[in-house]
Amino acid sequence: MATWFDEARLDDPGVLETVDLRLRTLAESGARVRREAHAAATATAELIAAGRDGERPRAVIAAGPDSRLLRAVLEPWCPVPFVAWPNPGLPGWAGSLDLVVMLAPEGNDHGSASAVAEAVRRGAQVVVACPERSLVGEHAAGRHVTVLPTVTGDQLATAVVMLDYLAHVHLGPRADAESVALSLDEVATSCSPHRDLAVNPAKMLAIAMADTNPLVWGGSVLAARAARRLAESLRRTSGRSTIAGDAEHLLPVIEATKPHDVFADPFADEAGDLRPLLLVLDDRSDDPVVREQAGELQAAAARHGVRVETLETDADAEVARYASLLLTGTYAAEYLRIGLVED
């Protein structure tokens, strides 16, 4: 069965109405950040006022499956050793001198609950962002445990709550919830299904990716994390083998691309013959290594006739830039899903 892309569907009110729930969920991203910040405000203030924040921990351990986002933000900033531990349990050396932080947006993961219980048993200081009435919340009971209550189940919104606390105790950069929420609101406006595809960056990106297998690249640590999350979304929405990786991993794929046959029938290509497209997530990193790698990728793409698309953001803070890039890309992934139809 052949699959083709019908861009007219992206502006068809009848079609868009059928996917209103998914698009509305994306549009409410900023509101979820605000809800989480409000829900956790009291607990965060009490934790800071308690005074233990003056005692710098020996190390910070981000436990649980969502620890990689915290690592992307904190590793360049944290003044003490930082470890992301997405595996079950905790590192063998973790103990009473350490701070264990965990994101558990849903709160029902048995591995996360076990890790929290282990941290409590070892006497570590524990801060966990999760629903109060949840499996993880039930295990987060101890003298040195604080629960930052969450209500939306949104990973990014939950991370912002945790990062806000860590910034207040000088263990990470500022992650202002309102700044992140405003950036998400701006993306929701510019990528709204009610905006014509001619002025809608997400719809235009979906059209650009329609007959390609995207290669997603972000140079900074946070942009690379956004690239991996976006590649996951594109695989789900299109069923294509979208990949994200470092420049050294993507360059061989670009360089192996055969020259484009100008006489080829575009409607005869099978999915396996789709050409790659290099999608660059630019979070305005001024790191010379990042800029050098971006130049190498784009030069290789030009030599091999590989199209390049760039997602940019005007957000003024690191986490807000990450959120903006990821949400724009996720909108594009949904529009790609909408436009793809089977004969």
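Given the structure is predicted, the values throughout are model-derived calculations rather than measurements.

K.L.:
Which residues make up the domain arrangement of the protein, and what values do they have?
P.N.:
Interface size is often expressed as the accessible area that is lost when the parts come together. Examined at the domain level, the protein breaks down into domain 1 (3–28 + 180–342) and domain 2 (52–175). One C-alpha centre belongs to domain 1, the other to domain 2; they are set 31 Å apart. Contact with domain 1, which involves 10 residues of that partner, is made by 11 residues of domain 2. Across the domain 1/domain 2 interface, buried area totals approximately 900 Å², and carbon plus sulfur atoms make up 72% of it. Taken together, domain 1 and domain 2 are joined by 0 salt bridges. Taken together, the connections running from domain 1 to domain 2 amount to 2 residue pairs in polar contact (both at pLDDT 80 or more). Counting residues per element, the ones that place at least two in the side of domain 1 that touches domain 2 are helix 8 (177–190), helix 10 (221–238) and helix 13 (318–339). Each residue belonging to the side of domain 1 that touches domain 2 can be placed in one class, and the counts come to 7 nonpolar, no polar and 3 charged.

K.L.:
An account of the sheet that holds strand 9 (residues 275–282) is requested, with residue identities and associated values reported.
P.N.:
Read across the open sheet, the 4 strands follow the order 8-7-9-10; overall the sheet is parallel. The sheet is open, and its two edges are formed by strand 8 (243–244) and strand 10 (307–312), each paired on a single side. Relative to strand 9, strand 7 (residues 212–218) runs parallel, the two sharing 7 bridges. The residue of strand 9 that forms the bridge with T212 is R275. Packed onto the sheet, helix 13 meets strand 9 and strand 10 and runs at close to 130° relative to strand 10.

K.L.:
Give me the lowdown on the pairing of strand 3 (residues 82–85), citing residues and values where you can.
P.N.:
Side chains F82 and A84 of strand 3 all project onto a buried face; the interleaved residues V83 and W85 project onto a face where none is buried. By the bridge criterion, 4 bridges tie strand 2 (residues 60–63) to strand 3 in an arrangement that is parallel. If you follow I61 over to strand 3, its bridge partner there is V83. As a crossover connection, the stretch from strand 2 through helix 4 (residues 67–74) into strand 3 is right-handed.

K.L.:
I'd like a description of the pattern of salt bridges, backed by residues and values.
P.N.:
Here the structure, examined in full by the defined rule, presents 15 salt bridges. Between D185 and R34 there is a salt bridge, with the nearest N and O atoms lying 2.8 Å from each other. Remark: R34 occurs in helix 3 (residues 29–49) and D185 occurs in helix 8; sequence separation between them is 151 residues. Taking the relative accessible area as the measure of exposure, R34 reaches 29% and is therefore partly exposed. A salt bridge links R303 to E255; the nearest nitrogen and oxygen atoms lie 3.8 Å apart. One end of the pair, R303, is in helix 12 (residues 288–303); the other, E255, is in helix 11 (residues 247–255), and 48 residues separate them in sequence. One connected set of salt bridges, linked through shared partners, spans R22, E334 and R337.

K.L.:
With reference to specific residues and values, describe the packing of aromatic side chains.
P.N.:
Two measures describe an aromatic ring pair: the distance that separates the ring centres and the angle between the ring planes. Evaluated as defined, the whole model comprises 1 aromatic pair. Between the aromatic rings of Y331 and Y335, the centroid separation amounts to 6.2 Å while the plane-to-plane angle is 25°, which identifies the pairing as stacked. Of this pair, Y331 and Y335 both sit in helix 13, separated by 4 residues, roughly a single helical turn.

Reading the values: the criteria
- Residues numbered from 1 in each chain as written.
- Predicted model: local features only at pLDDT ≥ 70, side-chain atom pairs only at ≥ 80, totals over all residues.
- Heavy atoms only, no water.
- Domains from an automatic or database assignment.
- Contact = heavy atoms within 4.5 Å.
- Buried area = accessible area lost by both parts, 1.4 Å probe.
- Salt bridge = Lys/Arg side-chain N within 4 Å of Asp/Glu carboxyl O.
- Polar contact = N/O pair within 3.5 Å; in protein donor to acceptor, adjacent residues only side chain to side chain.
- Helix = DSSP H or I, 4+ residues; strand = E, 2+ residues; numbered from the N terminus.
- Nonpolar A, V, L, I, M, F, W, Y, C, P; charged D, E, K, R; others polar.
- Pairing = 2+ DSSP bridges.
- Axes fitted to C-alpha atoms, helices over the stretch in contact; angles between N-to-C directions.
- Buried < 20%, exposed > 50% of the residue type's maximum accessible area, 1.4 Å probe, protein only.
- Right-handed = clockwise from strand over helix to strand, strands pointing away.
- Phe/Tyr/Trp six-rings, centres within 6.5 Å; stacked < 30°, edge-to-face > 60°.

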